[in-house]
Amino acid sequence: HELKCAMASIVLDQRERIVAVNSAWTRLCGFSANEALGSSPKLLQGPKTDTREARAFAEGCRLGSASTTLTNYRKDGSPFTHRIRSR
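Cut-offs used in this document
Residues numbered from 1 in each chain as written. Predicted model: local features only at pLDDT ≥ 70, side-chain atom pairs only at ≥ 80, totals over all residues. Heavy atoms only, no water. Salt bridge = Lys/Arg side-chain N within 4 Å of Asp/Glu carboxyl O. Helix = DSSP H or I, 4+ residues; strand = E, 2+ residues; numbered from the N terminus. 1 Å grid on protein atoms, 1.4 Å probe; cavity = no way out; pocket = protein on both sides within 12 Å on 5 of 7 lines; lining within 4 Å. Points joined across faces, edges and corners; volume = space filled by probe spheres on them. Nonpolar A, V, L, I, M, F, W, Y, C, P; charged D, E, K, R; others polar. Pairing = 2+ DSSP bridges. Patch = residues over 30% accessible without salt bridge, like charges linked within 9 Å, V, L, I, M, F, W, Y side chains within 5 Å. Areas by Shrake-Rupley, 256 points an atom, 1.4 Å probe, with all protein chains shown as cover. Lys, Arg positive; Asp, Glu negative; His and termini not counted. Charge placed at Lys NZ, Arg CZ, Asp CG, Glu CD. Expected span 1.5 Å × (residues − 1). Buried < 20%, exposed > 50% of the residue type's maximum accessible area, 1.4 Å probe, protein only. Arc of directions from axis to C-beta. Contact = heavy atoms within 4.5 Å. Polar contact = N/O pair within 3.5 Å; in protein donor to acceptor, adjacent residues only side chain to side chain.

We now examine the pattern of salt bridges. Enumeration over the complete set of coordinates arrives at 4 salt bridges. The closest approach of N and O atoms between Glu 16 and Arg 62, which form a salt bridge, is 2.2 Å. Of this pair, Glu 16 sits in the loop between β1 (10–12) and β2 (18–21) while Arg 62 sits in helix α3 (residues 51–63), and the two are 46 residues apart along the sequence. A salt bridge links Glu 35 to Lys 75, with the shortest nitrogen-to-oxygen separation between them at 2.4 Å. Of this pair, Glu 35 sits in helix α2 (residues 33–36) while Lys 75 sits in the loop between β3 (67–73) and β4 (79–85), placing them 40 residues apart in sequence.

Shown next as structure tokens:
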């Protein structure tokens, strides 16, 4: 499923599995849509990811909306820091 949005974006289902990504996300993260679909966003986590902050973000999403800044990792293992938000 392809999202039409300029910012890197994903859509999760109620089980918190990726059901859609856009091309900006695939360019940023290095994973193809096929690799990401059905996976957890945790596939981006690595040694410098603040898992406590990631869990707080996920909880905020379940309650309505949330935003935070996280260090995550591309498919090639290189880190990137990004601001994420839910709607």
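Another point: the layout of surface pockets. The gaps left among the atoms become clear once a water-sized probe is rolled over them. Estimates place the volume of the largest pocket at around 1,200 Å³. In terms of lining, the largest pocket is formed by 33 residues, of which the most central are Ile 10, Leu 12, Phe 57, Ile 84 and Arg 85. Counting only elements with at least two residues in the lining of the largest pocket, the list comes to β1, α1 (23–29), α3, β3 and β4. Here the lining of the largest pocket takes 7 residues from α3, the largest share from any one element. Looking at side-chain class alone, the lining of the largest pocket contains 16 nonpolar, 9 polar and 8 charged residues.

Across 3 bridges, β1 lies against β2 in antiparallel orientation. If you follow Val 11 over to β2, its bridge partner there is Ala 20. Counted between consecutive antiparallel strands, the loop separating β1 from β2 contains 5 residues, among which Glu 16 sits at a positive phi close to 65°.

Next up on the list: a positive patch on the surface. Side chains of Arg 17, Lys 42, Arg 52 and Arg 55 sit close together on the surface and give a patch of like positive charge. The residue Arg 55 is located in helix α3 in this model.

Glancing now at α3. Its 13 residues place the ends of α3 18 Å apart at the C-alpha level, agreeing with the 18 Å of an ideal helix rising 1.5 Å per residue. Buried within α3 we find Ala 54, Phe 57 and Gly 60. Buried residues of α3 fall within an arc of 120° about the axis and therefore sit on the same side. Residues of α3 that are exposed and point over 90 degrees away from its buried face: Arg 52, Arg 55 and Leu 63. Against β3 and β4 lie the buried residues of α3. Taking the backbone nitrogen of Arg 52 as reference, a side-chain oxygen 3.1 Å away marks Asp 50 as the first, capping residue of α3.

Functional significance is not addressed by these values, which are geometric in nature.
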